[in-house]
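Below, each chain spelled out in residue letters.
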Amino acid sequence: RAGGHAAMGGQLEGLTVAPAQQVMGATIETESFIGKEDRLDAAAAAAARGGVLPDEILFDDPSGKYELRFRGAFPAVQARVSYEDRVVAEGGSMLTASEDVDVFPSLGGGGVTQACCRSCCLDETFFFSTYKGKTPGGPASNVLLAPSLPGEIALLTVDETRKWRIGRGGFFAADDTVDLKVVRQTIAQGCCSGEGLFVMKARGHGRLLVNSYGGLVLYRLQDGDERVVENGQLVAWSANTPYKIVWTSRRGVVASCLSGQRLACKFEAPTDGSPGYVLASTHSVERLAAEMVPFLPKGAPDSNTTGGGGDNGGGG
């Protein structure tokens, strides 16, 4: 496996999603992003030298608890669970499981209020599905999970120094030691970011899995770096990375509208010198739906002309 990517302004970009793609004449194969500082620092240094980025940046779990299956547009994740080590996932994501896996619904942190906010404002399920082994101290079991939409999955580390914000529909699964809560954005962010007034916050300790429709692109911001992300394309970002709403074009409203762009989210590197991370999607379900509108049937069929029967139809 080999891949060549150039780092621009200290940012990591262009991570591929297909099992194998040709980029700058070299075939690369990527998996996902765990968020290890040492791994990412080494990757950034290698990219700055024109070297090869590690192909495990987007998905790598040294513990072996999570294993990415079926890379590409239709991925799935096999998770190892036990009575003591559980996995929380969006409802309805299980494909297969060992016979000794226990599945039960949970509201997550915050109870009914948080569950209502998730389902109404974040396109998430009201109940999470929790998976664990049935026997205390028993052997590990496994469950195969997949998101409802095609696209890439990323694995992120959550600890004292890495807390995350997750955009609408971006949550997939997590260790049950990760605390998931719904938090409010500013009015400007809620109205113009494409993510709504509420986003999900992940903190605590463990691993977090996010997914997107389409591919995932990782940006690393440090030492004054900035990155503008079109609204509706955000998947997740580190909590220490602030953003504000701007017009996509620096020339203002008219230039932004005439160029076909919209309001965007401008991320800035943390002021304390630590790196910040932004995960953006390459595609949008909303844009796909808009493109399909011209091809949909116009109006409902007339019930008076589509069948026999009824008061005046039929034989006899």
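Data block above holds the structure.
This structure is a prediction, so every number in the text was calculated from the model and none was measured. (Residues numbered from 1 in each chain as written. Predicted model: local features only at pLDDT ≥ 70, side-chain atom pairs only at ≥ 80, totals over all residues. Heavy atoms only, no water.)

### Quick look at the environment of glycine 167
- Inspection of the secondary structure assignment puts glycine 167 in the loop between strand S13 (164–166) and strand S14 (171–175).
- The spatial distance from the C-alpha of glycine 167 to the C-alpha of serine 212 is 9.8 Å, given a sequence separation of 45 residues. (Helix = DSSP H or I, 4+ residues; strand = E, 2+ residues; numbered from the N terminus.)

### A closer look at the pattern of salt bridges
- This model, assessed by the stated rule, comprises twelve salt bridges.
- We note a salt bridge from lysine 65 to aspartate 175, for which the minimum N-O separation is 2.9 Å. Here lysine 65, found in the loop between strand S4 (58–59) and strand S5 (66–69), pairs with aspartate 175, found in strand S14; they are 110 residues apart in sequence, far enough to count as distant.
- Residue classification places lysine 65 among the buried residues on the basis of a relative accessible area of 1%.
- When its relative accessible area of 4% is taken as the criterion, aspartate 175 is described as buried.
- Glutamate 286 is the salt-bridge partner of arginine 168, the closest N and O atoms lying 3.1 Å from each other. Here arginine 168, found in the loop between S13 and S14, pairs with glutamate 286, found in helix H5 (residues 285–292); they are 118 residues apart in sequence, far enough to count as distant. (Salt bridge = Lys/Arg side-chain N within 4 Å of Asp/Glu carboxyl O. Buried < 20%, exposed > 50% of the residue type's maximum accessible area, 1.4 Å probe, protein only.)

### Concerning the packing of aromatic side chains
- Tallied over the full model, the rule gives five aromatic pairs.
- With a centroid separation of 5.3 Å and 55° between ring planes, the pair formed by phenylalanine 128 and phenylalanine 171 is classed as tilted. Of this pair, phenylalanine 128 sits in strand S10 (residues 128–133) while phenylalanine 171 sits in strand S14, placing them 43 residues apart in sequence. In this structure, phenylalanine 128 and phenylalanine 171 share a single accessibility class: buried.
- Where tryptophan 237 meets tyrosine 243, the ring centres are 5.7 Å apart and the plane angle is 90°; that geometry is what we call edge-to-face.
- Taking relative accessible area as the criterion, tryptophan 237 reaches 4% and is therefore assigned buried.
- Classification of tyrosine 243 by relative accessible area gives buried; the value is 9%.
- By way of ring pairs, the aromatic residues Trp237, Tyr243 and Phe267 are connected into one cluster.
- The residue whose ring lies beneath arginine 86 is tyrosine 83, and the NZ or CZ to ring-centre distance is 5.6 Å. (Phe/Tyr/Trp six-rings, centres within 6.5 Å; stacked < 30°, edge-to-face > 60°. Lys NZ or Arg CZ within 6 Å of the ring centre and 35° of its normal.)

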